[in-house]
Amino acid sequence: MAQTTTQLQKGGKTTKLIRPMYTIIFCFLLVYIHPTSTIEMWWNLGLQRVEVWQKMYMVGAQPMCVALKGLSPGQIRICQLFYDHMPSVGRGAQLGIRECQYQFRNRRWNCSTVNDESVFGPVMELGSRETGFTHAVSSAGVVYSVSRACQEGQLSRCGCSKAPRPPTIHKDWLWGDCGDNIEHGYRFALGFIDKREKERNYPRFSRGLARMLMNLHNNEAGRRAIYKHATVSCKCHGVSGSCSLKTCWQSLPDFRSVGNRLKEKYNGATKVRFNSRGTRLIRRDHKFNKPTKEDIIYLDDSPDYCMAKPEAGVLGTVGRECNWTSKGLGGCALMCCGRGYNSFRKKVQERCHCKFEWCCEVKCDLCEYFVDVHVCK
Ligand SMILES: *[C@@H]1O[C@H](CO)[C@@H](O)[C@H](O)[C@H]1NC(C)=O
Ligand SMILES: *[C@@H]1O[C@H](CO)[C@@H](O)[C@H](O)[C@H]1NC(C)=O
């Protein structure tokens with residue numbers, strides 16, 4: 001805008017009128033075409049059907065990577081170079097989304113998805129703890145699925161892990177075989193996921209820079225939740241299972257335990273702000289420890305998520321089931337935000353009295369019973 005005024009003074013009569021008009025129209029379009037600038041995310045690959053990945057092998061990477069929604073320009077280029085990795089990225093995103101929904105099932109914000117490329121909707125525009133968690137858990141998902149795909153021989157550029165033998169392994173046991181390639185999974189996730197954050201330059205102290213730094217930090221926290229917690233699996237050999245000899249290999253941690261660990265990091269997340277130069281994020285409150293690279297950080301306090309605010313992507317808790325006996329997060333008092341709840345009885349059918357019949361059938365009765373269901377007003 002400032003630029004237009006200087007040009008105005010230099011320009012002739014016609015530009016005097018036309019330039020500001022174009023500027024106004026342009027600003028108007030910016031605001032109205034992109035009302036909330038809902039962020040497109042690669043997480044969208046987690047919502048693709050299997051057919052999309054099958055098509056990739058038939059149509060080729062060039063057109064498919066451009067057609068996939070949610071990728072940034074740099075991620076499209078990585079997609080074209082590493083297109084055999086893309087189904088794993090999709091599986092990783094899906095793993096992350098499902099784990100998020102499991103971890104938050106009893107919470108007011110339950111990690112619900114919307115039907116567009118932002119995946120979690122406008123709530124992600126806030127630099128909240130919840131946003132931090134979704135970034136961490138989804139990048140952990142990609143490390144996990146790519147590491148496993150290497151080990152299974154599905155990818156052309158990686159194979160089994162060549163991680164060195166850990167000193168803790170018993171000296172008589174064999175090391176090697178074919179471990180999960182967490183080194184490759186980590187490197188690929190780092191390159192692919194962080195790419196979209198690094199494509200733009202933001203000025204010091206800007207909101208854009210703050211969000212970029214927050215996202216990069218939480219992406220790394222997610223990747224570390226996998227690779228710092230790699231485990232060892234072993235297999236027995238020897239005469240009739242005597243287990244006199246063991247072969248061991250590097251193994252991924254169970255993804256549920258990764259989710260649990262990140263949920264703890266969410267509970268203890270650190271609120272951050274810019275340093276005095278406006279270039280880095282530091283903890284807001286010096287009473288708390290400095291966040292490590294494995295911790296989740298956030299910029300903004302969360303809303304209470306009680307009432308629906310569609311423009312902010314908040315669904316509210318009206319109609320959510322709650323636990324009548326619990327005083328905790330899934331309990332009716334907290335879930336319903338003090339509005340109270342309605343109760344009704346629901347008929348449930350379940351297989352019961354199952355008997356094993358020789359050979360080889362399981363016979364069950366169908367039992368009916370009633371359960372009380374409580375739903376927030
Ligand atoms: C999350 O909560 C909304 C209502 O707020 C509900 O419609 C949806 O089914 C829930 N989703 C999950 C995954 O539990
Ligand atoms: C409700 O909460 C209680 C106490 O926290 C717990 O024992 C019970 O399993 C919960 N019920 C359901 C249906 O989740």
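Residues numbered from 1 in each chain as written. Chains lettered and ligands numbered in written order. Predicted model: local features only at pLDDT ≥ 70, side-chain atom pairs only at ≥ 80, totals over all residues. Heavy atoms only, no water.

*Asks:* Looking at this structure, I do not really get the overall build of the protein chain. What am I missing?
*Replies:* Regarding its fold elements, the protein chain presents 11 helices and 9 strands. The long-range fraction of contacts in the protein chain, counting pairs at least 24 apart against all pairs at least 6 apart in sequence, stands at 65%. Carbon together with sulfur atoms contributes 55% to the accessible area of the protein chain, which is approximately 21800 Å² in total. (Helix = DSSP H or I, 4+ residues; strand = E, 2+ residues; numbered from the N terminus. Contact = heavy atoms within 4.5 Å. Areas by Shrake-Rupley, 256 points an atom, 1.4 Å probe, with all protein chains shown as cover.)

*Asks:* What is the right way to look at the site of ligand 2 in this model?
*Replies:* Close contacts around ligand 2 come from N323, T325 and S326, and that covers them all. Between ligand 2 and N323, the relevant distance is 2.3 Å, taken from an oxygen atom to a side-chain nitrogen or oxygen of the residue. Its free accessible area being 360 Å², ligand 2 has 23% of it covered by the protein chains. (Near = heavy atom within 4 Å. Polar contact = N/O pair within 3.5 Å; in protein donor to acceptor, adjacent residues only side chain to side chain.)

*Asks:* What is the right way to read the sheet that holds strand β8 (residues 341-357) from this model?
*Replies:* Taken in spatial order, the 3 strands of this open sheet run β7-β9-β8, and their pairing is antiparallel. The sheet terminates laterally at β7 (321-322) and β8, the two strands that pair on one side only. Across 15 bridges, β8 lies against strand β9 (residues 361-376) in antiparallel orientation. Among the inter-strand pairings, F344 is bridged to a residue of β9, identified as V373. (Pairing = 2+ DSSP bridges.)

*Asks:* Which parts of the structure should I look at to understand the sheet that holds strand β3 (residues 245-251)?
*Replies:* Either a parallel or an antiparallel arrangement is found when strands of a sheet pair, and the pairing is made through backbone hydrogen bonds. Overall, mixed pairing links the 3 strands, which are arranged β1-β3-β2 in an open sheet. The open sheet has two edge strands with one neighbour each: β1 (174-175) and β2 (231-237). Where β1 meets β3, 2 bridges bridge the pair, whose relative direction is parallel. Across the sheet, L174 pairs through a bridge with T247, a residue of β3.

*Asks:* Could you clarify how one ought to interpret the pattern of salt bridges in this entry?
*Replies:* Should the charged atoms of two oppositely charged side chains come close, the side chains can pair. The final tally for this structure, using the stated rule, is 15 salt bridges. D285 is the salt-bridge partner of K287, the closest N and O atoms lying 3.5 Å from each other. Between E368 and K347 there is a salt bridge, with the nearest N and O atoms lying 3.8 Å from each other. Here E368, found in strand β9, pairs with K347, found in strand β8; they are 21 residues apart in sequence, far enough to count as distant. Its relative accessible area of 52% is what places K347 among the exposed residues. In this structure, a network of salt bridges that share partners links the residues D194, E220, R223 and R224. (Salt bridge = Lys/Arg side-chain N within 4 Å of Asp/Glu carboxyl O. Buried < 20%, exposed > 50% of the residue type's maximum accessible area, 1.4 Å probe, protein only.)

*Asks:* In this structure, what is going on with a nonpolar patch on the surface? I would like to understand it.
*Replies:* There is a patch of nonpolar side chains on the surface, built from F356, W358 and V362 and spanning about 450 Å² of accessible area. With respect to the helices and strands, W358 occurs in the loop between β8 and β9. Overall, W358 belongs to the exposed group, its relative accessible area being 79%. (Patch = residues over 30% accessible without salt bridge, like charges linked within 9 Å, V, L, I, M, F, W, Y side chains within 5 Å.)

*Asks:* Just checking my understanding: could you explain the environment of G259 for this structure?
*Replies:* Examined against the element boundaries, G259 turns out to sit in helix α10 (residues 255-267). Excluding residues within four positions of it along the chain, G259 makes contact with E99, Q103 and F133.

*Asks:* Explain the site of ligand 1 here, please?
*Replies:* Neighbouring residues of ligand 1: N110, L315, G316 and R320. Between N110 and ligand 1, the recorded distance is 2.3 Å, taken from a side-chain N or O atom to an oxygen atom. For ligand 1, an oxygen atom lies 3.0 Å from a polar atom in the backbone of G316. Against a free-state accessible area of 370 Å², the protein chains account for coverage of 53% of ligand 1. For the shell around ligand 1, the class distribution of residues is 1 nonpolar, 2 polar and 1 charged. (Nonpolar A, V, L, I, M, F, W, Y, C, P; charged D, E, K, R; others polar.)

*Asks:* Could you clarify how one ought to interpret the packing of helix α8 (residues 182-195) against helix α9 (residues 207-227) in this entry?
*Replies:* Where α8 contacts α9, the axes come no closer than 10 Å and their chain directions differ by 165°. Relative to α9, the element α8 is oriented roughly antiparallel. Here the hand of the crossing between α8 and α9 comes out right-handed. Packed against α8, whose contacting residues are I182, Y186, A189, L190, I193 and D194, the element α9 presents L216, N219, E220, R223, I226 and Y227 at the interface. (Axes fitted to C-alpha atoms, helices over the stretch in contact; angles between N-to-C directions. Parallel < 35°, antiparallel > 145°, perpendicular 65-115°, else oblique. Left-handed = near helix turned anticlockwise from the far one by under 90°.)

*Asks:* It is not clear to me how the packing of helix α5 (residues 73-81) against α8 should be interpreted in this structure. Could you clarify?
*Replies:* Any two packed helices are characterised by the angle at which their axes cross and by the distance between the axes. It is the contact of α5 with α8, at a shortest axis distance of 8 Å, that shows an interaxial angle of 145°. Where α5 abuts α8, its residues G74, Q75, R77 and I78 lie against F188, G191, F192, I193 and K195. The residue makeup of the contact of α5 with α8, split by class, is 4 nonpolar, 3 polar and 2 charged.

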